[in-house]
Amino acid sequence: MESATRDAFERAFGRPPVRAARAPGRVNLIGEHIDYCGLAVLPMAIERAVRIAFVARPDARVRLVNADGARFGPREFDLSTAIDPAPRGDWSNYARAAAQALAREHGARCGIDALVAGDVPPAAGLSSSSALVVACTLALSEANGIDARREMLMDLCARAEHYVGVESGGMDQAASLGGQAGCAVLVEFDPVRATPVPIPAEWQFVVARSAVGVEKSGRAREAYNARVAECRAALAGVRAAPAARGWPSTWRALVADIEEQRLLALSSTTLDGLLSRRFRHVVTEGFRVQRAVRALERADAAEFGRLMDLSHASLRDDFEVSCPELEALTAAARAAGALGARLTGAGFGGAIVALTRADEAGRIESALRAHPVAARDHDAVFRASAAAGASLGS
Ligand code: NG1
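First things first, this report covers the structure right here in the doc.

About the criteria used
Residues numbered from 1 in each chain as written. Predicted model: local features only at pLDDT ≥ 70, side-chain atom pairs only at ≥ 80, totals over all residues. Heavy atoms only, no water. Near = heavy atom within 4 Å. Polar contact = N/O pair within 3.5 Å; in protein donor to acceptor, adjacent residues only side chain to side chain. Helix = DSSP H or I, 4+ residues; strand = E, 2+ residues; numbered from the N terminus. Nonpolar A, V, L, I, M, F, W, Y, C, P; charged D, E, K, R; others polar. Phe/Tyr/Trp six-rings, centres within 6.5 Å; stacked < 30°, edge-to-face > 60°. Lys NZ or Arg CZ within 6 Å of the ring centre and 35° of its normal. Pairing = 2+ DSSP bridges. Axes fitted to C-alpha atoms, helices over the stretch in contact; angles between N-to-C directions. Contact = heavy atoms within 4.5 Å.

### Focus on the site of the ligand
Stage number 1. Taken together, the neighbourhood of the ligand is formed by 19 residues, with Glu-32, His-33, Asp-35, Lys-216 and Tyr-224 sitting nearest.
Stage number 2. Backbone polar atom of Gly-125 to an oxygen atom of the ligand: 3.5 Å apart, as the coordinates give it.
Stage number 3. Side-chain polar atom of Asp-172 to a nitrogen atom of the ligand: 2.8 Å apart, as the coordinates give it.
Stage number 4. Looking at the shell around the ligand, the elements with two or more residues in it are helix 3 (128-143) and helix 5 (171-178).
Stage number 5. Residues that form the shell around the ligand fall into these classes: five nonpolar, eight polar and six charged.

Below you can see the structure in the form of structure tokens.
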């Protein structure tokens, strides 16, 4: 633990911290808006992380102080199986989410004093929210002597985050917990598992944040939840078609067992325009993830980049989660020589990720940094390296 963190903790709580939890953010390489359909996705954990210095308390009180106190004021609540949420958008709701899930599922009763710090940009599609949920879960598990397996934590954290009212899938929590240095993480569901896939040393991913923040506690929440409901309706609509009799009931089994063209042909004659486009995104993205994993395994950067471009087009045209700023940044990355570029995360603003050869990354970064729609702070554009997953330390 850094001495600055230790000092800040002592100033806040009048005693030294004992343990530290770290949970990274993630950038999703491909497989967007399909985790909540149970389809595999391919993110990687990044070096930016939420860090919590903490000490267990003898009672159920959870006291939180944020290193960025100007934006995120101190919060307190009691750990129980029914924790009242703070007002919508309050940062403590992610800690409340973790605490309630651990109390309900593992009988956690012991609170913590915690100093929360981190460098995952919030509201950027880089999963600062899940990093906070995962870091709090690790800290509270440790304080309560809960010996948790990784897969169990992935599952628990994914469900826990529904506390904030977003019907999200399990990608972010699995990436944060399952990351490995130098590797992308193939996340599969039901049951959740994370398999590392090495990234060739000459590949470089560059992330650029747009100036448009995407507050999942704000308007993006309704837009996101609407997509989840539309996907459910699209699947039900296709399955109800006489021609689909005997077809499997889940997205995963459909993508595994039925040819892509047959799925698309049936959906286009069965569903209305909007649901048919949503269905097409989910199915084509599901197949793209499989192709992208094969491209990564054989170090075919050109093919991986092409799949990123196709993913982005599908998110824009069929899933309608892009915006002019993300269009401008992906176009700028490609014009500067990126092999592929796509929005990353939920969309509606936030960030893009581009793939480039490492020796050409500087040119892409400069083009993105100079672009008028890029965020204006010092780390709006950065090279993302695949980092290790969440951990406990001292
Ligand atoms: P963001 O908003 O980028 O953290 C969200 C969901 C994911 C996934 C992506 C879209 C949360 C916590 N995460 O990620 O589960 O569905 O959108 O692929 O809401």
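### Focus on the packing of aromatic side chains
Stage number 1. Overall, the coordinates contain seven aromatic pairs when judged by the stated rule.
Stage number 2. Taken together, Trp-203, Phe-205 and Phe-304 form an aromatic cluster joined through their ring pairs.
Stage number 3. Between the NZ or CZ atom of Arg-48 and the centre of the ring of Phe-382, over which it lies, the distance is 3.9 Å.
Stage number 4. Over the ring of Phe-319 we find Arg-278, and its NZ or CZ is 5.7 Å from the ring centre.

### Topic: the sheet that holds strand 9 (residues 340-344)
Strand-to-strand pairing in sheets goes through backbone hydrogen bonds, with the strands running parallel or antiparallel.
Stage number 1. Spatially, the four strands line up as an open sheet ordered 9-10-8-11, and their pairing is antiparallel. Each end of this open sheet is capped by a strand with a single partner; those strands are strand 9 and strand 11 (381-384). Between one strand axis and the next, the sheet turns by 25° as a mean value, whatever way the strands run.
Stage number 2. Strand direction decides the pairing type here: strand 8 (residues 203-209) and strand 10 (residues 351-357), joined by seven bridges, are antiparallel. The partner of Ala-208 across the bridge, within strand 10, is Ile-352.
Stage number 3. Relative to strand 9, helix 10 (residues 301-317) is tilted by about 40°, and along the sheet it contacts strand 8, strand 9 and strand 10.

Purely spatial values, then, with no claim about function.
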